[in-house]
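Listed below are the residues making up each chain.
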Amino acid sequence: MTDTPIRTERNGAVLEVTLDRPRANAIDAATSRIMGEVFRDFRDDPDLRVAILTGAGGKFFCPGWDLKSAAEGEAPDSDYGVGGFGGLQELRGLNKPVIAAINGIACGGGLELALSADIILAAEHATFALPEIRSGTVADAASVKLPKRIPYHIAMELLITGRWFDAKEAAHWGLVNHIHPADRLMDEARAMAQTIAAGPPLVYAAIKEIVREAEAMRFQDAMNRITRRQFETVDTLYASDDQKEGARAFAEKRDPVWKGR
């Protein structure tokens, strides 16, 4: 894509999505709608298996909502497009893995955007915060997600104080999977993406649907839905050639060849 605040690049089954909106990669409603279209197309493209989301430059991943646009009258409940703010956090049926490569400041909606990914890698200099309280608004998605990801009292401290924390603390609380030198961040993200892309896409889809749907279910109810093949992705997986291929490859002591069907 050209002449947009979002740059995309395909590398085999991997899609790289770069937020490139100088000076700080802030997201307004128009940018969010574009991001939703990008991730919707990623979701629906059978040739793509994993995405990497990062920011342009070395200072900002994303500071979240564009407060300049807000000051000019853009409402906090504007139409952010098919995937909600940033195109990810409300995109239905996204059953493919997404890696966030945090290359700098990730605050407010930028941190919420990262929380919508499945795996988070951070540069050593990355910093994080939820400073919405200072602009008189609520970190809505983070208020829902953060207390489920890290200890409740830590989540509440971060939400209520809006204080900054670094990549080391983020990793300590489990918000970040791995920390890398800035000049190695994208190489590491690409290596991880290629490893994931070589894996079984139907299994990934089942994992993502189960995790998403089971969040609001009792354990036994979720297990019953799995065993009865009441999740669409599980039913597809159990009836697939890939399911048979996995068993054959194990018996034949060879690497499986996944076809996604």
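For every chain, the first residue of its written sequence is number 1, and the numbers climb from 1 along that sequence. Whole-chain, interface and lining totals are the exception, using all residues; otherwise, since this is a predicted model, local features are given only for residues with pLDDT of at least 70 and side-chain atom pairs are given and counted only at 80 or more. Just so you know, side-chain values use all the structure's heavy atoms and leave hydrogens and water out.

**Student:** Got a minute to help me understand the overall build of the chain in this structure?
**Tutor:** Each helix is a run of H or I in the DSSP string that is no shorter than four residues. Each strand is a run of E no shorter than two, and both are numbered from the N terminus. Each helix and strand in the chain was counted, giving 11 helices and 10 strands. Just to be clear, the radius of gyration here is over C-alpha atoms, and the globule rule we use is 2.2 Å times residues to the power 0.38. Scaling as 2.2 N^0.38, a compact globule of 261 residues should have a C-alpha radius of gyration of about 18 Å, and the chain matches this with 19 Å. The rule is simple: take the accessible area with a 1.4 Å probe, protein chains only, and divide by the maximum for that residue type; under 20% is buried, over 50% is exposed, in between is partly exposed. When the 261 residues of the chain are sorted by exposure, 48% land in the buried category. Contacts were defined at the residue level, with two residues in contact if any of their heavy atoms lie within 4.5 Å. Intrachain contacts of the chain at a sequence separation of at least 6 include 67% that bridge at least 24 residues. Where accessible areas are quoted, they stem from the Shrake-Rupley method and a 1.4 Å probe; at the residue level, only the protein chains shown are allowed to cover. As displayed, the chain offers around 13400 Å² of accessible surface, 53% of which is attributable to carbon and sulfur atoms.

**Student:** Help me out: how do you make sense of the pairing of strand E3 (residues 50–55) in this one?
**Tutor:** Side chains on a regular strand alternate between the two faces of the sheet. Among the 6 residues of E3, 6 are classified as buried, and the element is accordingly described as predominantly covered. Burial along E3 is two-sided: the residues Val-50, Ile-52 and Thr-54 and Ala-51, Leu-53 and Gly-55 are all buried. By this definition, two strands are paired if DSSP reports at least two bridges between them. With 4 bridges joining them, E3 and strand E5 (residues 98–102) adopt parallel strand pairing. Across the sheet, Leu-53 pairs through a bridge with Ala-100, a residue of E5.

**Student:** Mind showing me how you'd approach the pattern of salt bridges here?
**Tutor:** Should their charged atoms come close, side chains of opposite charge can pair. Note on definitions: salt bridges are taken to be side-chain nitrogens of Lys or Arg within 4 Å of carboxyl oxygens of Asp or Glu. This model, assessed by the stated rule, comprises 20 salt bridges. Of the charged contacts in the structure, one is a salt bridge between Glu-157 and Arg-163, with a shortest N-O distance of 2.6 Å. The class for Glu-157 is partly exposed, based on a relative accessible area of 30%. Of the residues examined, Arg-163 reaches a relative accessible area of 23% and is grouped as partly exposed. Between Arg-163 and Glu-169 there is a salt bridge, and its shortest N-O distance comes to 2.6 Å. Through salt bridges with shared partners, a single network forms among Glu-16, Arg-184, Asp-187, Glu-188 and Arg-190.

**Student:** Just checking my understanding: could you explain the nonpolar core for this structure?
**Tutor:** Soluble globular proteins tend to pack their nonpolar side chains together in the buried interior. Among buried residues, those of type Ala, Val, Leu, Ile, Met, Phe, Trp, Tyr and Cys that are joined through side-chain atoms within 4.5 Å constitute a nonpolar core. Among the nonpolar cores identified, the biggest contains 48 residues, and Phe-39, Phe-42, Leu-53, Phe-61, Ile-102, Phe-128 and Leu-146 are the most heavily contacted of them. Residue contributions to this core peak at 5 residues, all from helix H1 (residues 29–44). Of all hydrophobic cores here, the second largest spans 16 residues; its members include Ala-13, Ile-52, Ala-101 and Leu-121.

**Student:** Even after reading the chapter, I still don't get the environment of Ala-205, so can you show me in this structure?
**Tutor:** By secondary structure assignment, the location of Ala-205 is in helix H8 (residues 201–214). A sequence separation of 111 residues divides Ala-205 from Leu-94, and the C-alpha atoms of the two residues are 8.2 Å apart. Once residues within four sequence positions are removed from consideration, Ala-205 is found in contact with Asn-95 and Thr-233.

**Student:** For this particular structure, what's the right way to read the sheet that holds strand E9 (residues 165–166)?
**Tutor:** Whenever strands of a sheet pair, they do so through backbone hydrogen bonds, lying parallel or antiparallel. The strand order across the open sheet formed by 4 strands is E4-E6-E8-E9, and the pairing between neighbours is mixed. Lying at the two open borders of the sheet, with one neighbouring strand each, are strand E4 (60–62) and E9. As judged from the 2 bridges shared by E4 and strand E6 (residues 105–107), these two strands associate in the parallel manner. Counterpart to Cys-62 in the pairing with E6 is Ala-106.

**Student:** Is there a simple way to explain the side chain of Ser-69 in this structure?
**Tutor:** Position of Ser-69 relative to the elements: it lies in helix H2 (residues 67–71). Assessed through its relative accessible area of 12%, Ser-69 is described here as buried. If near-sequence neighbours (up to four positions away) are discounted, Ser-69 is found in contact with Arg-21, Asp-28 and Glu-74.

**Student:** Which parts of the structure should I look at to understand helix H4 (residues 140–149)?
**Tutor:** Given 3.6 residues per helical turn, the α-helix brings residues three or four places apart onto the same face. Looking only at H4, the buried set comprises Ala-141, Ala-142, Lys-145 and Leu-146. Summarising the axial view, the buried residues of H4 lie within an arc of 105°, below the 170-degree limit, and thus occupy one face. Exposed residues on H4 whose side chains face more than 90 degrees from its buried face are Val-144 and Lys-148. Residues of H4 that are buried in the fold lie against helix H3 (109–115) and helix H5 (152–161). Note: the arc covers the axis-to-C-beta directions of the helix.

**Student:** Honestly, the sheet that holds strand E7 (residues 119–123) in this entry has me stumped. Any pointers?
**Tutor:** The sheet built from 6 strands is open, its strands ordered E1-E2-E3-E5-E7-E10 with mixed pairing. Looking at which strands have only one partner, the edges of the open sheet turn out to be strand E1 (6–11) and strand E10 (178–180). Between one strand axis and the next, the sheet turns by 20° as a mean value, whatever way the strands run. To get an axis, a line is fitted to the C-alpha atoms, and for a helix only the part in contact is used. The angle between two axes follows their N-to-C directions and goes from 0 to 180 degrees.

**Student:** How should I be thinking about unusual backbone geometry in this particular structure?
**Tutor:** A negative phi holds for most residues other than glycine; trans holds for most peptide bonds. For the bond from Pro-22 to Arg-23, the omega torsion is 10°, close enough to zero to count as cis. By the secondary structure assignment, Arg-23 is in the loop between strand E2 (14–19) and H1. Positive phi, close to 60°, is recorded for Arg-229, a residue that is not glycine. In this structure, Arg-229 sits in the loop between helix H9 (219–227) and helix H10 (232–238). Phi is positive for Lys-253, which is not a glycine, with a value near 55°. The topology assignment puts Lys-253 in the segment after helix H11 (241–251). On the accessibility criterion, Lys-253 (79% relative accessible area) is exposed.

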